[in-house]
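Each chain, letter by letter, is given below.
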Amino acid sequence: MSSNFGGERVAVTEDAPGSPERDGGGVQTSPPLRPRRRGIGWAQRAEIAVLSGPAILMFLAFVIFPIVLAAYYGFYKWKGYGVPTNFVGLENYKTILQDSTFRDALQHNGLIVVLSLVLQGPIALGFALMLNQKIRGRSAIRLLIFLPFVISEVIVGTSWSLLLQVSGAVNGILDAIGLGSFKQDWLANPKLAIWTLMIILTWKYIGFAVILFMAGMQNIPEELSEAAAVDGASYWQIQRRITVPLLAPTIRIWGFLSIIGALQLFDLVYIIWGQYVASTAGTSTMVTYMVVEGRNAANYGYGNAVAVVLFVISMIIALVYQRFVLRRDTEGALTDGR
């Protein structure tokens, strides 16, 4: 039907399913036009290709290609030279999963992952909170904490192996101060070796966590702490309710890096304990197992298979961590509206 409004004839229709939108008076209105998303032009595509092309080629050449090559060699019994011809299929992988030495190394890696998070995280957070305050000698303390991280692993491993020998400086100091009864074989005793390793790892890598946490604290607005202090909140209440929650994304990133680093731990263990003592002392890792059973045994096909297993384990853990821990951080970084 129709109706006159001020002499102008306007079509009015009853609402029906699937009809266009109408205003409150029943006048037919067209739906708002959705903005059309503009595509990427050839110039922008060329710019993206030029800028990202070298990085993609480097990634393919030094990451993807070695992984594919390791998976290929893992199907052979190969001495490391010439074209592999002795195809064994999945025999190397079966041997890995059935080897108790590899399972022990896997357990050691898992324990190192857990202890690294439990020990290094709280200690580093405490140091970061302390160094975030205006205290005397803050720069010197920060330097002393971060210095071990930049020292070469070879120097660190050699120094600690000399200090912790039965006739080393640590037992010598215990003798000198009258605590000779506490002297131990810090490196070979299976009940102490893993804790010795964790002390060394904490001393070596805690500086990285402290610097990372302090960098995260610089992004927390000071106005929040000042407003809480005006409202009567104590120092510890401010840290517990404001600083630590806002530092959570940085802590989660550090946790991811710590887990991956613990899974790939090799140099300090191999330098301090060597290829034979590490397994008997309970400090062997999957990477030391790969080197001992692969390269040192001239069985490079088996070593490549171990490398593939290590890659799969690390990838699964990384994906699970990203899915359940880093999800809130990665979702906030999306810009396409999803």
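These lines cover the structure that appears in this document, whether it is placed above or below.

Rules used throughout
- Residues numbered from 1 in each chain as written.
- Predicted model: local features only at pLDDT ≥ 70, side-chain atom pairs only at ≥ 80, totals over all residues.
- Heavy atoms only, no water.
- Helix = DSSP H or I, 4+ residues; strand = E, 2+ residues; numbered from the N terminus.
- Contact = heavy atoms within 4.5 Å.
- Areas by Shrake-Rupley, 256 points an atom, 1.4 Å probe, with all protein chains shown as cover.
- Salt bridge = Lys/Arg side-chain N within 4 Å of Asp/Glu carboxyl O.
- Buried < 20%, exposed > 50% of the residue type's maximum accessible area, 1.4 Å probe, protein only.
- Core = buried A, V, L, I, M, F, W, Y, C linked by side-chain atoms within 4.5 Å.
- Phe/Tyr/Trp six-rings, centres within 6.5 Å; stacked < 30°, edge-to-face > 60°.
- 1 Å grid on protein atoms, 1.4 Å probe; cavity = no way out; pocket = protein on both sides within 12 Å on 5 of 7 lines; lining within 4 Å.
- Points joined across faces, edges and corners; volume = space filled by probe spheres on them.
- Nonpolar A, V, L, I, M, F, W, Y, C, P; charged D, E, K, R; others polar.
- Patch = residues over 30% accessible without salt bridge, like charges linked within 9 Å, V, L, I, M, F, W, Y side chains within 5 Å.
- Expected span 1.5 Å × (residues − 1).
- Bend = angle between axes of the 7 residues up to and from the residue.
- Axes fitted to C-alpha atoms, helices over the stretch in contact; angles between N-to-C directions.
- Left-handed = near helix turned anticlockwise from the far one by under 90°.

Notes on the overall build of the chain
Per the secondary structure count, the chain includes 14 helices and 2 strands. A separation threshold of at least 6 residues defines the contact pool for the chain, and within that pool the share at least 24 residues apart is 63%. A total accessible area of about 21500 Å² is found for the chain, and carbon and sulfur atoms account for 64% of it.

A word on the environment of Ile123
With respect to the element layout, Ile123 can be found in helix H3 (residues 100–131). Considering only alpha carbons, one finds Ile123 and Thr202, 79 residues apart in sequence, at a separation of 9.0 Å. Sequence-distant contacts of Ile123, that is, excluding residues within four places in its chain, are made with Thr202 and Ile206.

Some remarks on the pattern of salt bridges
According to the stated counting rule, one finds 2 salt bridges in the structure shown. In this structure, Glu153 and Lys204 form a salt bridge, with 3.6 Å as the shortest nitrogen-oxygen distance. Here Glu153, found in helix H5 (residues 153–163), pairs with Lys204, found in helix H7 (residues 190–217); they are 51 residues apart in sequence, far enough to count as distant. Its relative accessible area of 22% is what places Glu153 among the partly exposed residues. One salt bridge in this structure joins Asp175 and Lys183, with 3.0 Å as the shortest N-O distance.

Thoughts on the nonpolar core
General note: in soluble globular proteins, nonpolar side chains tend to be found buried as a group. Ile96, Phe102, Ile112, Leu197, Ile200, Leu201 and Trp273 are the most contacted members of the largest nonpolar core, which has 39 residues in total. Listing elements by their share of this core, those giving two or more residues are helix H2 (91–98), H3, H5, H7, helix H10 (248–263), helix H11 (267–281), helix H12 (286–295) and helix H13 (300–324). The biggest single contributor to this core is H13, with 7 residues. In this structure Ile200 touches Val156, Trp160, Leu164, Leu268 and Ile272, once residues within four positions along its chain are discounted. In terms of nonpolar packing, the next biggest core, distinct from the first, is built from 14 residues, Ala124, Ala128, Met217 and Trp254 among them.

A look at the packing of aromatic side chains
Summed over all chains, the structure comprises 17 aromatic pairs. Geometrically, the ring pair formed by Tyr73 and Trp78 is stacked, given 4.1 Å between the ring centres and 15° between the ring planes. Both residues of the pair, Tyr73 and Trp78, belong to the buried class. Three or more aromatic residues joined by ring pairs make a cluster, and in this case those are Tyr72, Tyr73, Phe75, Tyr76, Trp78, Phe87, Tyr93 and Tyr300.

Quick word on the layout of surface pockets
Quantified by volume, the largest pocket comes out at close to 370 Å³. In terms of lining, the largest pocket is formed by 14 residues, of which the most central are Asn132, Gln133, Ile220, Glu222 and Ser225. Those elements that place two or more of their residues in the lining of the largest pocket are helix H8 (222–230) and helix H9 (235–246). Residue composition of the lining of the largest pocket, by class: 6 nonpolar, 6 polar and 2 charged.

Some thoughts on a nonpolar patch on the surface
A contiguous nonpolar surface patch, about 870 Å² in accessible area, is contributed by Ile56, Leu57, Met58, Phe59, Leu60, Phe62, Val63, Ile64 and Val68. Within the secondary structure layout, Leu57 lies in helix H1 (residues 42–73).

Things to note about H7
A rise of 1.5 Å per residue sets the reference length of H7, with its 28 residues, at 40 Å; its end C-alpha atoms lie 40 Å apart and thus fit the reference within 8%. Of all bends in H7, the biggest is about 40°, found at Tyr205.

Concerning the packing of H3 against H10
Direction vectors running N to C along H3 and H10 enclose 145°, while the axes themselves pass 9 Å from each other. Crossing hand, H3 versus H10: right-handed. Contacts from Asn109, Ile112, Val113, Ser116, Leu117, Gln120 and Gly121 in H3 reach Trp254, Gly255, Ser258, Ile259, Ala262 and Leu263 in H10. Class assignment for the residues of the contact of H3 with H10 results in 7 nonpolar, 6 polar and no charged.

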